[in-house]
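Topology and contacts: notes
For reference, the chains in residue letters:
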Amino acid sequence: MSDATSETTGRIRRLFGGEAFKFARWGGAISPAVIGLDAAGGRLFGEAVRVLAGHAGATLADGEAEANLLIYVMKDWRDAARAPNLPDFLPDLPALVARLEAAGANRYRVFAFDDAGAIRASITLLRYDEQMRAAPVDYIALTEAALALLVFDESGVSADRPVAMAQLPDGERRAMLVPFHAALLKAAYDPAIPAGSKDPALALRLAARVGLAGADDAA
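The following refers to the structure shown. Counting from 1, residues in each chain are numbered in the order their sequence is written. Per-residue local features of the predicted model are confined to residues with pLDDT of at least 70, and side-chain atom pairs are confined, for both listing and counting, to 80 or more; whole-chain, interface and lining totals are unaffected and use all residues. Water and hydrogen atoms were dropped before computing side-chain values, which therefore reflect all heavy atoms in the structure.

**Brief notes about helix α8 (residues 179-188)**
Exposure classes here rest on a 1.4 Å probe applied to the protein chains alone. A residue is buried below 20% of its type maximum, exposed above 50%, and partly exposed in between. Note on conventions: DSSP H or I runs of at least 4 residues are helices, E runs of at least 2 residues are strands, and numbering of each starts at the N terminus. Counting buried positions along α8 yields 8 of 10 residues, so the element is predominantly enclosed. Among the residues of α8, those classed as buried are Phe 180, His 181, Ala 182, Ala 183, Leu 184, Leu 185, Ala 187 and Ala 188.

**Details of the pattern of salt bridges**
Within this document, salt bridges are pairs made up of a side-chain nitrogen of Lys or Arg and a carboxyl oxygen of Asp or Glu, the two lying within 4 Å of each other. This structure, assessed with the given rule, holds 11 salt bridges. Where Arg 109 meets Glu 154, a salt bridge forms, and the shortest distance between an N and an O atom there is 3.9 Å. In this pair, Arg 109 is assigned in strand β4 (residues 107-113) and Glu 154 in helix α7 (residues 154-159), connecting sequence segments 45 residues apart. Notably, a salt bridge pairs Asp 129 with Arg 127, separated by 3.6 Å at the nearest N-O pair. Comparing Asp 129 with Arg 127, the two get one shared label, buried.

**Examining unusual backbone geometry**
Here Asn 85, not a glycine, exhibits a phi torsion of approximately 70 degrees, which is positive. With respect to the helices and strands, the residue Asn 85 is situated in the loop between β3 (69-74) and α3 (86-89).

Honestly, that's just the spatial picture; any functional story needs more than this.
What follows is the structure in structure tokens.
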């Protein structure tokens, strides 16, 4: 194994939990819905999911499908109790809200999996606090899309964020997927890769595909 492949493998393992490795991607069609934003904000978040899903090669559902990738945006955690359908999706919502308030959290994400270990649904809760308001909206939207398409380890992805602000030639700043994460996302949705796995050896297979993607970009 080359030093570059070893380094990439280690990076991927950290992103998916290290010794507690867990990898999962969506196994079926993705149907996003954003609740709590105005029409423009909802379109921005929904488009971020669709763009990244298209980049990965993930399947997007048609407009009639029931939403299974849900993003709820609120000003205060106590608003969660009034969010449409959320108390039905999360029966322990009052206890969860108490934990989030005590922790001063501004994000919570939960996934549901099918029998093969693939993602079949996800719910993201965002409390739009001062920290989030200070960040560009396109950065938040693209970040949440990236974090909803794969099951990342929270500490791993906090240290190795998938989105950065890029300076364009015209001087405009725009949120962009980090090239490594762009390659990883495509590798993760390669049909030859299992949709769900707890085998750390999978990181080596993903690293090989990330390396090939990098070589193609360089060419």
